[in-house]
Each structure stands twice: as structure tokens, then as C-alpha cells.
Amino acid sequence: MTSLYVLEQGCQLSKDGEYLAVYQQNRIMQKLPLPLLERILIFGRSHLTLDATRACLKREILVAYLSQQGWLYGSLSPLSRGKGRLWSLQKQLTAVFIRMYQDNQSE
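Bear in mind the structure is a predicted one, so any value in this text is a computation, not a measurement.

> Explain the nonpolar core to me, and be specific about the residues and the numbers.
Nonpolar side chains tend to gather and get buried jointly when the protein is soluble and globular. Core analysis: the largest hydrophobic core is formed by 17 residues, its most contacted members being Leu4, Val6, Leu13, Leu20, Leu37 and Ile40. Elements represented by at least two residues in this core include exactly strand E1 (2–6), strand E2 (11–16), strand E3 (19–24), strand E5 (37–43) and helix H1 (50–58).

Structural data, given as C-alpha cells:
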């Protein structure tokens, strides 16, 4: 697995098919296959497009945002599968309880 370190300022990371393309001033700097990426570390003022963000979340690629000096601002990571399943079940149960409550109110 590969880590991508984005050190240059003003880069845009975009999804291009099954690749992540790194652009700077509308010039392509690098292109990496998404399936090989494990993490992306962005130092300073660069960003991911929405499609690239979705692709990273879908493939469970960790994205960390850092200052130019390396201070961690935060990270983007997908919900773990267990929590995502729990959230889905909670949503279904809430809908069932709402229906039950509405049925009791109409009687």
C-alpha cells in the first residue's frame, strides 16, 4: 500500500477514473492508482474534490490535513463498518417507533 504526501501548496486532488490525479496550476503533477493508496497526507493549502473525497471514503483511504509545519488539523475517514451498520439499524428502528406512535395516536 502507498502513502501520498502532498507538500506543494495549491494542489487539487481529483478522481480520474480509477486514478487520483494531483494538479497544480491546472498542470497534472502526478497520477496514482486509487486501489494502491492507503493514506493521503495534505500539508498546507491543497484540497480534494468532492469526487476524490467520495472515492477515498468508499475505498477506506485515510486523508489527514496538516499545517505546512506538520501540525495535524484533522482527518477524514469512513465510518467503520460496524458503526455504519449500527446507524442503519437505529434509523430503521426509529421509523418503526414513529409508525407505532402515529398508529396509537390515531386510535
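> Give me the lowdown on H1, citing residues and values where you can.
Those residues of H1 lying buried are Ala52, Thr53, Ala55 and Cys56. Across the axial projection of H1, the buried residues extend over an arc of 165 degrees, all falling on one side. Exposed and facing more than 90 degrees away from the buried side of H1 are Leu50, Arg54 and Lys58. Tucked into the core, H1 has its buried residues touching E2, E3, E5, strand E6 (47–48), strand E7 (62–66) and strand E8 (72–76). Downstream of H1 by one or two residues, Glu60 has phi in the positive range, about 60 degrees.

Conventions we followed
Throughout this document, residue positions are counted from 1 along each chain, in the order its sequence is written. Per-residue local features are limited, in this predicted model, to residues with pLDDT of at least 70; the limit for side-chain atom pairs, both in listing and counting, is 80 or more; totals at the level of whole chains, interfaces and linings are taken over all residues. Side-chain measures here rest on the full set of heavy atoms in the structure, leaving out hydrogens and waters. Nonpolar core, defined: a set of buried Ala, Val, Leu, Ile, Met, Phe, Trp, Tyr and Cys residues in which side-chain atoms within 4.5 Å join the residues together. Under the scheme applied here, a residue whose accessible area is under 20% of the maximum for its type counts as buried, over 50% as exposed, and between as partly exposed, the area being computed with a 1.4 Å probe on protein chains only. To qualify as a helix, a DSSP run of H or I must reach at least 4 residues; to qualify as a strand, a run of E must reach at least 2; elements of each kind are numbered from the N terminus. Note that the arc is defined by the directions from the helix axis to the C-beta atoms. Note on contacts: a residue pair is in contact if any heavy atoms of the two residues lie within 4.5 Å.

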